[in-house]
Amino acid sequence: MTITDVRVRIITKEGKMKAVVSITINDEFVVHDIKVIEGEKGLFIAMPSKKSADGEYRDIAHPINSGTREMIQTTILKAYEKALLEPVEE
């Protein structure tokens, strides 16, 4: 699996959510609404989720294993850091 595109939308409001990201996998499959969150131990990603009838949030799409999650998170966080350095569009 290769992440072939990462699109980062920086969130300018104060809060823990810093960006919303879309990734393209193998130029064939897109996952939208991955969130970059500032936690107590630093930045991490939250996969897209929806609220269930019992009030809990459940991931809509997510990696099956920790190695894949780490690869996705590393790729997204690098793209986020790069996006922070780019000039803000008006």
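This text follows the structure it describes.
One structure accompanies this document, and this report is about it. As the structure is a computational prediction, the values presented were derived from the model and not from experiment. (Residues numbered from 1 in each chain as written. Predicted model: local features only at pLDDT ≥ 70, side-chain atom pairs only at ≥ 80, totals over all residues. Heavy atoms only, no water.)

Details of the overall build of the chain
Stage number 1. Per the secondary structure count, the chain includes 1 helix and 6 strands.
Stage number 2. N-terminal to C-terminal, the α/β element order of the chain is β-β-β-β-β-β-α.
Stage number 3. Expected size for 90 residues packed as a compact globule is a radius of gyration near 12 Å; at 14 Å, the chain falls within 12% of this value.
Stage number 4. Each of the three principal axes of the chain carries a C-alpha extent, and together these read 40 × 30 × 25 Å.
Stage number 5. Per-residue burial over the chain gives 26% buried out of 90 residues.
Stage number 6. For the chain, restricting intrachain contacts to residue pairs at least 6 apart in sequence, the fraction spanning at least 24 positions comes to 28%.
Stage number 7. Placing the 13 positive and 15 negative side-chain charges of the chain at their respective mean positions leaves the two points 5 Å apart. (Helix = DSSP H or I, 4+ residues; strand = E, 2+ residues; numbered from the N terminus. Rg over C-alpha atoms; globule rule 2.2 N^0.38 Å. Buried < 20%, exposed > 50% of the residue type's maximum accessible area, 1.4 Å probe, protein only. Contact = heavy atoms within 4.5 Å. Lys, Arg positive; Asp, Glu negative; His and termini not counted. Charge placed at Lys NZ, Arg CZ, Asp CG, Glu CD.)

Some points on the pairing of strand 4 (residues 42–46)
Stage number 1. In this structure, strand 3 (residues 29–39) lies alongside strand 4, joined through 5 bridges in antiparallel fashion. Within strand 4, the residue paired with Ile37 across the bridge is Phe44.
Stage number 2. Linking two consecutive strands that pair antiparallel, namely strand 3 and strand 4, is a turn of 2 residues. (Pairing = 2+ DSSP bridges.)

Points about the pairing of strand 2 (residues 17–25)
Stage number 1. Most of strand 2 is tucked away, with 7 of its 9 residues classed as buried.
Stage number 2. Pairing between strand 1 (residues 3–10) and strand 2: 7 bridges, direction antiparallel. Counterpart to Arg9 in the pairing with strand 2 is Val20.
Stage number 3. Hairpin connection between strand 1 and strand 2: a loop of 6 residues separates the two successive antiparallel strands, and Gly15 in this loop has a positive phi of roughly 145 degrees.
Stage number 4. Two strands pair when backbone bridges link them, and strand 2 and strand 3 are joined in this way by 7 bridges, in the antiparallel orientation.

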